[in-house]
Amino acid sequence: MITAAISALLANGGCRKSLFAGRVSTSVTRQAVEITGLHCANPICSIAFKTPFNTYRTARTLVWLILLATFGILAACNAGTDIDVPGSTTSSVLGPQQLAIVINDADPLSIDIGEYYASKRQIPAGNVIHVTFKPGNNVMQPNEFNKLKADIDRQTPPSIQVYALTWTAPYRVGCMSITTAVAAGFNEDFCARGCQPTRTSPYFNSSSTQPFTDFNWRPAIMLAGEDLASVKEVIDRGVTADGTHPDGSAYLLSTSDKARNTRARFYPGVN
């Protein structure tokens, strides 16, 4: 579920080792973790990928990272399934009626991705939010984003718990990831300063499937990729995986790098 991905990423600040062992066995760069909401400015957290994100050569890799969050949000879209979720005010899992797609009408790829995603995930037409801004810039300035956020908020139905953004760039707002900025609004308290703690997410370590209802927080994902075909592949793979609960092995790895091994002390408690 979404909590597995968000809880692992939105740790209490600082540099953290990836918890996605078995699926993503390597750590990610600052740009990659920023796309999912974790902030880390220290170079020791940037080992896996050496190519700057603004070349788009890492876009395909980022898709895999974003897919983790995508699975978390929409694996729950099997309508009609109810479960009891500790820490939540509701027992319902997320469904298509609780997710809003945000499309940039100035970006043809964003339009195509949004339409395909809505079709595959049966997102109601009333949950499709249309905005307009100049595409292609990796970083959006805070003043421009504040206008965008106000437009998104104005169009968001009350039932919406999470967002899916259908573009690859911008992926940042000033010093923040755009996904965190959409969820929380632009706030420099979320910006990394070295490996010091940032402001924490109220959704951290929660099992709630209704983050807006419970925490006034709408987590966001990005449906990003180099082209429509690559994004369709990710979406289709997610749909195929729904409800399958495949078996597999996960590995908890320790390292001599102290900043990357901060969670190792918790390993004995993992069942």
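Thresholds applied
- Residues numbered from 1 in each chain as written.
- Predicted model: local features only at pLDDT ≥ 70, side-chain atom pairs only at ≥ 80, totals over all residues.
- Heavy atoms only, no water.
- Helix = DSSP H or I, 4+ residues; strand = E, 2+ residues; numbered from the N terminus.
- Buried < 20%, exposed > 50% of the residue type's maximum accessible area, 1.4 Å probe, protein only.
- Pairing = 2+ DSSP bridges.
- Phe/Tyr/Trp six-rings, centres within 6.5 Å; stacked < 30°, edge-to-face > 60°.
- Axes fitted to C-alpha atoms, helices over the stretch in contact; angles between N-to-C directions.
- Parallel < 35°, antiparallel > 145°, perpendicular 65-115°, else oblique.
- Left-handed = near helix turned anticlockwise from the far one by under 90°.
- Contact = heavy atoms within 4.5 Å.
- Core = buried A, V, L, I, M, F, W, Y, C linked by side-chain atoms within 4.5 Å.
- Disulfide = S-S within 2.5 Å.
- pLDDT = per-residue confidence, 0-100.

K.L.:
Is there a simple way to explain unusual backbone geometry in this structure?
P.N.:
For residues other than glycine, phi is negative in most cases, and the peptide bonds are mostly trans. Note that the residue after Ala169, namely Pro170, is joined by a cis bond; omega there is 5 degrees. Here the phi dihedral of Asn205 falls at roughly 65 degrees; this positive angle occurs in a residue that is not glycine. Its identity is not glycine, yet His245 carries a phi of approximately 45 degrees, on the positive side. Looking at the secondary structure, you find His245 in the segment after α8 (228–241). Residue classification places His245 among the exposed positions, given a relative accessible area of 69%.

K.L.:
Where do I start with the pairing of strand β4 (residues 162–165) in this structure?
P.N.:
Each regular strand shows side chains that alternate between the opposite faces of the sheet. The alternating pattern of β4 places Val162 and Ala164 on one face and Tyr163 and Leu165 on the opposite face, and all of these are buried. Pairing of strand β1 (residues 99–104) with β4 involves four bridges; the strand directions are parallel. Residue Val102 lies in a different strand from β4, and its bridge partner there is Leu165. Pairing of β4 with strand β7 (residues 220–222) involves three bridges; the strand directions are parallel. Counterpart to Leu165 in the pairing with β7 is Met222.

K.L.:
Looking at this model, I keep getting lost on the packing of aromatic side chains. Mind explaining?
P.N.:
Each aromatic ring pair is described using two quantities: the centre-to-centre distance and the angle formed by the ring planes. Scanning the entire structure with this criterion turns up three aromatic pairs. Between the aromatic rings of Phe133 and Trp167, the centroid separation amounts to 5.0 Å while the plane-to-plane angle is 80 degrees, which identifies the pairing as edge-to-face. Residue Phe133 is found in the loop between β2 (128–131) and β3 (139–140), and its partner Trp167 is found in the loop between β4 and β5 (172–173); the two are separated by 34 residues along the sequence. Taken as a pair, Phe133 and Trp167 share a single burial class, namely buried. Geometrically, the ring pair formed by Phe190 and Trp217 is tilted, given 6.0 Å between the ring centres and 55 degrees between the ring planes. Of the two residues, Phe190 sits in the loop between α6 (178–184) and α7 (211–215) while Trp217 sits in the loop between α7 and β7, which places them 27 residues apart along the sequence.

K.L.:
Before we go on, may I ask you to explain the sheet that holds β5 in this structure?
P.N.:
The strands making up a sheet associate through hydrogen bonds between their backbones, and the pairing can be parallel or antiparallel. Spatially, the three strands line up as an open sheet ordered β3-β5-β6, and their pairing is mixed. Two strands bound the open sheet, and with one partner strand each, they are β3 and β6 (176–177). Pairing geometry for β5 and β6, over two bridges, is antiparallel. When the sheet's bridge partners are listed, Val173 is paired in β6 with Met176.

K.L.:
Where do I start with the packing of helix α4 (residues 108–121) against α8 in this structure?
P.N.:
To characterise two packed helices, one gives the angle between the axes of the helices and the distance between these axes. At a minimum axis distance of 10 Å, the contact between α4 and α8 shows a crossing angle of 15 degrees. One finds that α4 runs roughly parallel with respect to α8. Relative to α8, the crossing made by α4 is right-handed. Along its contact with α4, which presents Leu109, Asp112, Ile113, Tyr116, Tyr117, Lys120 and Arg121, the element α8 presents Leu228, Val231, Lys232, Ile235, Asp236, Gly238 and Val239.

K.L.:
Explanation requested: the nonpolar core in the structure shown.
P.N.:
As a rule of thumb, nonpolar side chains are buried together in soluble globular proteins. Within the largest apolar cluster, 27 residues are counted, with the highest numbers of intra-cluster contacts made by Val102, Phe145, Tyr163, Leu165 and Ile178. Mapped onto this core, the elements with two or more residues apiece are β1, β2, α5 (142–155), β4, α6 and β7. Among the elements that make up this core, the one with the highest residue count is α6 (four residues). Membership of the second largest hydrophobic core comes to 16 residues, among which are Leu99, Ile101, Ile113 and Leu223.

K.L.:
Any chance you could explain the state of the cysteines here in plain terms?
P.N.:
Here a disulfide denotes a covalent bond joining the sulfur atom of one cysteine to the sulfur atom of another. This structure, assessed with the given rule, holds one disulfide. The disulfide that involves Cys175 links it to Cys191, with 1.8 Å between the sulfurs. Between Cys175 and Cys191 the disulfide shows an S-S torsion of about 60 degrees. By sign, it is right-handed. Of the two residues, Cys175 sits in the loop between β5 and β6 while Cys191 sits in the loop between α6 and α7, which places them 16 residues apart along the sequence. Residue Cys191 is classed as buried on the basis of its relative accessible area of 4%.

K.L.:
Even after reading the chapter, I still don't get the sheet that holds β7, so can you show me in this structure?
P.N.:
Taken in spatial order, the four strands of this open sheet run β2-β1-β4-β7, and their pairing is parallel. Every interior strand has two partners, whereas the edge strands, β2 and β7, have only one. Pairs of neighbouring strands in the sheet enclose a mean axial angle of 25 degrees, with direction left out of account. Of the strands in this sheet, β1, β2 and β4 are in contact with α5, which crosses β2 at around 150 degrees.

K.L.:
Please clarify how the confidence of the model for the protein chain should be interpreted in this entry.
P.N.:
In low-pLDDT regions, the fine details of the predicted coordinates are not to be read closely. Per-residue pLDDT for the protein chain averages 74, and the proportion of residues at 70 or more is 66%. Confidence drops under pLDDT 50 across residues 1–91; counting only partners more than four residues distant or on other chains, this segment forms 216 contacts.

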